[in-house]
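Survey of secondary and tertiary structure
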Amino acid sequence: MTENNRPVRVRMAPSPTGSFHLGSARTALYNWLWTRHTGGKFLLRIEDTDQSRYAPGALQDITDSMHWLGLDWDEGPDVGGDYGPYVQSERLALYHQWVNWLIEHGHAYRCYCSEERLNALRVEQQARKADAIGYDRHCRFLTAEQRAELEASGSPSVVRFAMPLEGETAYTDILRPTRSVENRKILDPVILKSDGYPTYHLANVVDDHFMEITHVLRGDEWLNSVPLHVNLYRAFGWEPPIYAHLPLILDPGGEGKLSKRKKRADGQEILTYVEEYRDAGYLPDAMFNFLSILGWAQSADNDLFSRAEAVAAFDIHDINASPAALPISKLDWMNGQYIRALDTPVLTELLIPFLSRDLGIAEDALRAHPALPFIAPLVQERIKTLADAASLVDFVFADKIDYDPTMLIAKGLDAAGSLAALEAADGVMRSLPFTEEALEPALRALATDLGLKPGQLFGILRVALTGKNVAPPLFGSMMALGNEETLARIEDAKTHLCKLVEGSPSDRGEPTP
RNA sequence: GGCGGAUUCGUCUAGAGGCCCAGGAUAUCGCCCUCUCAAGGCGGAGACACGGGUUCGAAUCCCGUAUCCGCUACCA
């Protein structure tokens, strides 16, 4: 399993520049899965080498999102480990040491070219459609005197890697065929910036080496950098890790990188950050399962599986190298599956923050509310996300409900007929214990006695109690409302119907749907 | 422009030369169940990007073409 015969050590290396992207989450997940499958170690390393893009709070958001998804790490800035520090800005001395080593051994050099020169160079290259666009290696061939002069004048400088000028570099990604590139096409990239911070290329190679990383599973956008990284390893005399570049997650239309500022075909917003999915009411287990199947299959004929099953079956060699459009409808379905599998008390607990947020009721008040225990069973098989619940049960928590009274007129009946049915139902209900077991058969029998279909009678009651034509099951709704409120709402409905009857004395008036 | 990657039902995928006139899932459509809505059950329609090879035989191998995506920064 471990092609290089070392215990598996992999890492997730986010840069704290923003919230945790869904694509990053999947990368983290596959890394995690690989270590849990192999019994290896999963490390979290923070790549904060770009001071200009540093976002305070991003790190917290990233770790929160990973925790939420259930991805725990064995070594990292918060949990420690033998290979620290795990934050790159705290490892600057190490990078300087190895950059100096490269310079001393002729694998790197200081470059004093100005931004203006570099820009002009790029513009010129683009204009003549040059084969390779990049640095012209100008400073690589400075004489010792020129160099000394530049240093003496205090010119700012960066350090560039001196690529071999001839030959090719073959590189392997376990998900793709081995390829090779001409070394001269890699134009001496910057490895140490003028502010003293390393670029990704250097920091990444140095850290992966000293942290004894065996497998690098990272985003596809790094694939073109592999030959550079391989050359860095060679210059140092180190062994490169095994690479697997993970395909991008595309937007639901499959038109490009998943990103903000895009809308779905149905006008819905496309969620791109893990925290957004959390706030939209998706469950961590469902997200975990969902992210897993974006580029990997646990089995040929089943999409629903637990973490343990994923861990048991996972193999990086089975990852699909083609990019995937985000299948939102499948996520919705899957989340519904996970919600339905929950124990009712657990669902209730999960629902509280969402109901509180969406209904504007304090969590404490919600917990103390007599209707609370009835809510989860009412919505469990009707919601795809936790956030769907509020609009289904808002009538339970409303002080009063508003609806068009004509909705109380049942199909096939007029106002008077509906009123008679409702009054009969009211009478039956008052004579019985307020339980589903007692009420449902009795009202069914009543419908038959009145020559109505259950749906006609129940429909009147549904509108009376909820103000809606579409609502959760009737008798469960009654229990949530409680005896008193149920009868009060029926009372109100009777009043509405009375007015309708008086208002339209034409006895055979067609009911408005 | 250069370089790199990818290409199986709308979408997520299974598939590593005969098991595939391509399997699963989701979405969609229909039927059943049913107090509405769901959930559930059953069924339908739906794909190997295109063109050449190689082979007795190709979704699977090779070569082109097309399309999409990525990289081409003192960002990661």
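Just so it is clear, the model here is predicted, and its values are computed rather than measured. (Residues numbered from 1 in each chain as written. Chains lettered and ligands numbered in written order. Predicted model: local features only at pLDDT ≥ 70, side-chain atom pairs only at ≥ 80, totals over all residues. Heavy atoms only, no water.)

Looking now at the side chain of Arg218. Inspection of the secondary structure puts Arg218 in strand β8 (residues 215–219). Comment: no salt bridge for buried Arg218; closest opposite-charge side chain is Asp208, at 5.6 Å. Engagement of the side chain of Arg218 in a polar contact is seen with the side chain of Tyr200, the distance being 3.2 Å. When neighbours within four sequence positions are excluded, Arg218 is seen to be in contact with Arg11, Thr27, Tyr200, Asn204, Val226, His229, Tyr243, Ala244, His245 and Leu246. (Helix = DSSP H or I, 4+ residues; strand = E, 2+ residues; numbered from the N terminus. Buried < 20%, exposed > 50% of the residue type's maximum accessible area, 1.4 Å probe, protein only. Lys, Arg positive; Asp, Glu negative; His and termini not counted. Salt bridge = Lys/Arg side-chain N within 4 Å of Asp/Glu carboxyl O. Polar contact = N/O pair within 3.5 Å; in protein donor to acceptor, adjacent residues only side chain to side chain. Contact = heavy atoms within 4.5 Å.)

For the rest of this paragraph, the subject is the protein's contact with RNA strand B. The immediate surroundings of RNA strand B are formed by 62 residues, with Arg179, Glu381, Arg382, Arg462 and Ala471 found nearest. Sugar plus phosphate: this is where 71% of the atoms of RNA strand B within 4 Å of the protein reside. Between RNA strand B and the protein, one listed contact pairs a phosphate oxygen with a backbone N or O atom of Tyr200 at 3.3 Å. Arg382 has a polar side-chain atom sitting 2.5 Å from a base nitrogen of RNA strand B. Secondary-structure elements contributing two or more residues to the surface near RNA strand B are β4 (158–161), β11 (324–325), α11 (328–340) and α18 (454–466). At five residues, α11 tops the list of elements feeding residues into the surface near RNA strand B. Considered class by class, the residues forming the surface near RNA strand B number 26 nonpolar, 13 polar and 23 charged. (Near = heavy atom within 4 Å. Nonpolar A, V, L, I, M, F, W, Y, C, P; charged D, E, K, R; others polar.)

Before going further, it helps to spend a moment on the sheet that holds strand β7 (residues 190–192). Strand order in the open sheet made by the three strands is β3-β4-β7, with antiparallel pairing throughout. Where the open sheet ends on each side, the last strands, each with one partner, are β3 (108–111) and β7. Within this sheet the neighbouring strands show an average axis-to-axis angle of 45°, counted without direction. As judged from the two bridges shared by β4 and β7, these two strands associate in the antiparallel manner. Bridging across to β7, Val159 finds its partner in Leu192. (Pairing = 2+ DSSP bridges. Axes fitted to C-alpha atoms, helices over the stretch in contact; angles between N-to-C directions.)

Right, let's talk about the nonpolar core for a bit. Core analysis: the biggest nonpolar cluster contains 109 residues, and Met66, Leu351, Leu443, Leu461 and Met478 have the highest contact counts within it. Top contributing element to this core by residue count: helix α1 (residues 22–38), with eight residues. Setting aside anything within four residues of it in sequence, one finds Leu443 in contact with Ala425, Val428, Met429, Leu457, Phe458, Leu461, Phe475 and Met478. With 34 residues, the next largest nonpolar core counts Trp98, Ile186, Ile213 and Tyr243 among its residues. (Core = buried A, V, L, I, M, F, W, Y, C linked by side-chain atoms within 4.5 Å.)

We now examine the state of the cysteines. Counting across every chain of the model gives zero disulfides. For the unlinked cysteine Cys139, the closest cysteine sulfur is that of Cys113, found at 3.5 Å. (Disulfide = S-S within 2.5 Å.)

This part takes up the packing of α1 against helix α9 (residues 284–292). Viewed as axis vectors pointing N to C, α1 and α9 meet at an angle of 85°, and their least axial separation amounts to 10 Å. Comparing the axis directions of α1 and α9 gives the class roughly perpendicular. Residues Leu22, Ala25, Arg26, Leu29, Tyr30, Trp32 and Leu33 of α1 lie in contact with α9, whose contacting residues are Met287, Phe288, Leu291 and Ser292. A class-by-class count of the residues in the contact of α1 with α9 yields nine nonpolar, one polar and one charged. (Parallel < 35°, antiparallel > 145°, perpendicular 65-115°, else oblique.)

Attention now goes to the pairing of strand β5 (residues 168–171). A one-sided burial pattern is seen for β5, the buried positions being Thr169 and Tyr171 and the unburied ones Glu168 and Ala170. Bridge analysis of β5 against strand β6 (residues 179–182) gives four bridges, and the strand direction is antiparallel. Paired with Glu168 across the two strands is Glu182, which belongs to β6.

All right, on to the pattern of salt bridges then. For the structure on display, the rule yields 31 salt bridges. The partner of Glu485 in a salt bridge is Arg489, and the shortest N-O contact between them spans 2.7 Å. Remark: Arg489 and Glu485 occur in helix α20 (residues 483–503); sequence separation between them is four residues, near one turn of the helix. Residue Arg489 is classed as buried on the basis of its relative accessible area, which comes to 3%. Several salt bridges share partner residues, and in doing so they unite Arg11, Arg45, Glu47, Arg91, Asp207 and Asp208 into one network.

Turning next to the side chain of Glu276. Tracing the backbone shows Glu276 in helix α8 (residues 274–279). On the basis of relative accessibility, which here comes to 18%, the residue Glu276 falls in the buried class.

A few words now on the confidence of the model for chain A. When pLDDT is averaged across chain A, the result is 92; 96% of the residues are at 70 or more. Confidence drops under pLDDT 50 across residues 506–513; counting only partners more than four residues distant or on other chains, this segment forms seven contacts. At the level of chain-chain contacts, confidence expressed as ipTM amounts to 0.95, with global pTM at 0.93. (pLDDT = per-residue confidence, 0-100.)

Counted residue by residue, strand β9 (residues 242–246) has five buried out of five residues, so it is predominantly covered. What you see with β9 is no split at all: Ile242, Ala244 and Leu246 on one side and Tyr243 and His245 on the other are buried throughout. In this sheet, β9 lies alongside β8 in parallel orientation, the contact comprising five bridges. Its bridge partner being in β9, Gly219 is matched across the sheet by Leu246. Chirality of the crossover, the property in question, places the unit of β8, helix α7 (residues 226–236) and β9 among those that are right-handed. (Right-handed = clockwise from strand over helix to strand, strands pointing away.)

Among the structural elements, Gly18 can be located in the loop between β1 (9–12) and α1. In the structure, Gly18 is positioned 53 residues away from Leu71 in sequence and 19 Å away in space, judged by C-alpha atoms. Once residues within four sequence positions are removed from consideration, Gly18 is found in contact with Ala55, Ala58 and Ile62.

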